[in-house]
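Overview (structure and organization)
So the chains spell out like this:
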Amino acid sequence: MEKFTLEILFQIIGIGSASGLFFNNDALYVIGDNSGFLYEYNIESKQLNQHALIDNPTQNIPKNLKPDFESITHHNDTLYVFGSGSTENRNKMIEFDLKTKTVLQKNNLADLYAVMQNFGSIKPEDFNLEGAIFDGENWYLFNRGNGISNKNTIFTIHAKNLGDEFALISVNYKLPKIKGVRSSFTDAVLVDDKIYFLSTAEDTKSTYDDGEILGSFIGRIDLKTMKIDFTQKITSTNKFEGLTFYKKENNKIEFLLCEDNDTEVLETKIYKLSLPIK
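Scope of this entry: the structure provided in the associated data block.

Criteria and cut-off values
Residues numbered from 1 in each chain as written. Predicted model: local features only at pLDDT ≥ 70, side-chain atom pairs only at ≥ 80, totals over all residues. Heavy atoms only, no water. Helix = DSSP H or I, 4+ residues; strand = E, 2+ residues; numbered from the N terminus. Buried < 20%, exposed > 50% of the residue type's maximum accessible area, 1.4 Å probe, protein only. Lys, Arg positive; Asp, Glu negative; His and termini not counted. Charge placed at Lys NZ, Arg CZ, Asp CG, Glu CD. Pairing = 2+ DSSP bridges. Axes fitted to C-alpha atoms, helices over the stretch in contact; angles between N-to-C directions. Contact = heavy atoms within 4.5 Å.

**Considering the overall build of the protein chain**
Helices and strands together make up the secondary structure of the protein chain, namely 1 helix and 22 strands. Principal-axis analysis of the C-alpha atoms places the extent of the protein chain at approximately 45 × 40 × 35 Å. For the protein chain, buried positions account for 56% of its 278 residues. Mean positive and mean negative side-chain charge positions of the protein chain (30 and 39 charges, respectively) differ by 6 Å.

Written out as structure tokens, the structure is:
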């Protein structure tokens, strides 16, 4: 692949352990995996607002209690924020209205997650959703294979609402390794008919405990074939967990990225990744 560029674009004070991004009209919406808030950052004015996603939210919820919001996607004027499903209290999906800036609905996806685990032959301790895409007809949910079984799986759920009857497909992927450690899905976004995804190599056999960070990749999957077009290592040190489309220009595509620093420090660096369009 031709040369990519990765740079720090800006830093936001007040957000920690960023795990998902959505860029829209000069506003960057950010979730953190140990926070009960959705953050809204205006890039031009540098103003940060926070919106409660759960009752009695705080910015640093203890690990054993946190809802573990890891994925964010949108369709029309609604944002969808997903818990990872890695423990019983991480099964929430929140619907948030971008116009009124209010929570529309809180959903418990425990039953759906159980069906997905059974269908994909993934043990509960290896189930860890870290990416989500919704195109209005299909949901694509990405299981991060950082457990013992290394199940990097994309679940395609054909349903307009996750409470409706649905058809389910699962596809497993072997993602590239760093120093013998297989990378695993950490986020994804749909641009035209291509899925761009992040994967990180983290030296751990647990979906719960963190490990040494060995680096991250960007990759692309063709939506029609669900096969990987390419992967490209973009860092040896960062645990990138959030990806959103930024813009296209001059035969290149740009994304904004965030990293989970696995600390309680309320600082988040936003990176810009530029790739040639191929």
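**As for the sheet that holds strand 1 (residues 5-13)**
The sheet built from 4 strands is open, its strands ordered 1-22-21-20 with antiparallel pairing. At either margin of the open sheet sits one strand with a lone partner, and together these are strand 1 and strand 20 (240-249). Averaged over all pairs of adjacent strands, the angle between their axes in this sheet comes to 25°, without regard to strand direction. Where strand 21 (residues 252-259) lies against strand 22 (residues 267-276), 7 bridges are found, and the strand directions are antiparallel. When the sheet's bridge partners are listed, Lys252 is paired in strand 22 with Pro276.

**What to know about the environment of Ser184**
When you line up the elements, Ser184 lands in strand 16 (residues 184-191). The spatial distance from the C-alpha of Ser184 to the C-alpha of Ser199 is 4.8 Å, given a sequence separation of 15 residues. Excluding anything up to four places from it in sequence, Ser184 contacts Arg144, Gly145, Asn146, Asn152, Leu175, Leu198, Ser199 and Thr200.

**Some points on the sheet that holds strand 6 (residues 69-75)**
Pairing is antiparallel across the open sheet formed by 4 strands, whose spatial order is 6-7-8-9. Of all strands in the sheet, those with a lone pairing partner are strand 6 and strand 9 (102-108), marking the two edges. Strand-to-strand twist of the sheet, defined as the mean angle between neighbouring strand axes without regard to direction, takes the value 20°. Two strands pair when backbone bridges link them, and strand 6 and strand 7 (residues 78-83) are joined in this way by 6 bridges, in the antiparallel orientation. Counted as the bridge partner of His75 is Thr78 from strand 7.

**Some thoughts on unusual backbone geometry**
Glycine aside, a negative phi is what most residues show, and trans is what most peptide bonds show. With a phi close to 55°, Asn150 is a non-glycine residue in the positive phi region. Counting through the fold element by element, Asn150 comes out in the loop between strand 11 (138-143) and strand 12 (152-158). Given the relative accessible area of 29%, Asn150 is considered partly exposed. One non-glycine residue, Asn251, lies in the positive phi region at around 60°. Summarising the element assignment, Asn251 is placed in the loop between strand 20 and strand 21.

**As for the pairing of strand 8 (residues 92-97)**
Among the 6 residues of strand 8, 5 are classified as buried, and the element is accordingly described as predominantly covered. Pairing of strand 7 with strand 8, which is carried by 5 bridges, proceeds in the antiparallel orientation. Bridging across to strand 8, Tyr80 finds its partner in Glu95. Sheet analysis places strand 8 next to strand 9, joined by 6 bridges and oriented antiparallel. Its bridge partner being in strand 9, Lys92 is matched across the sheet by Asn108. In this antiparallel pair of consecutive strands, strand 8 and strand 9, the connection spans 4 residues, and Lys101 shows a positive phi of 60°.

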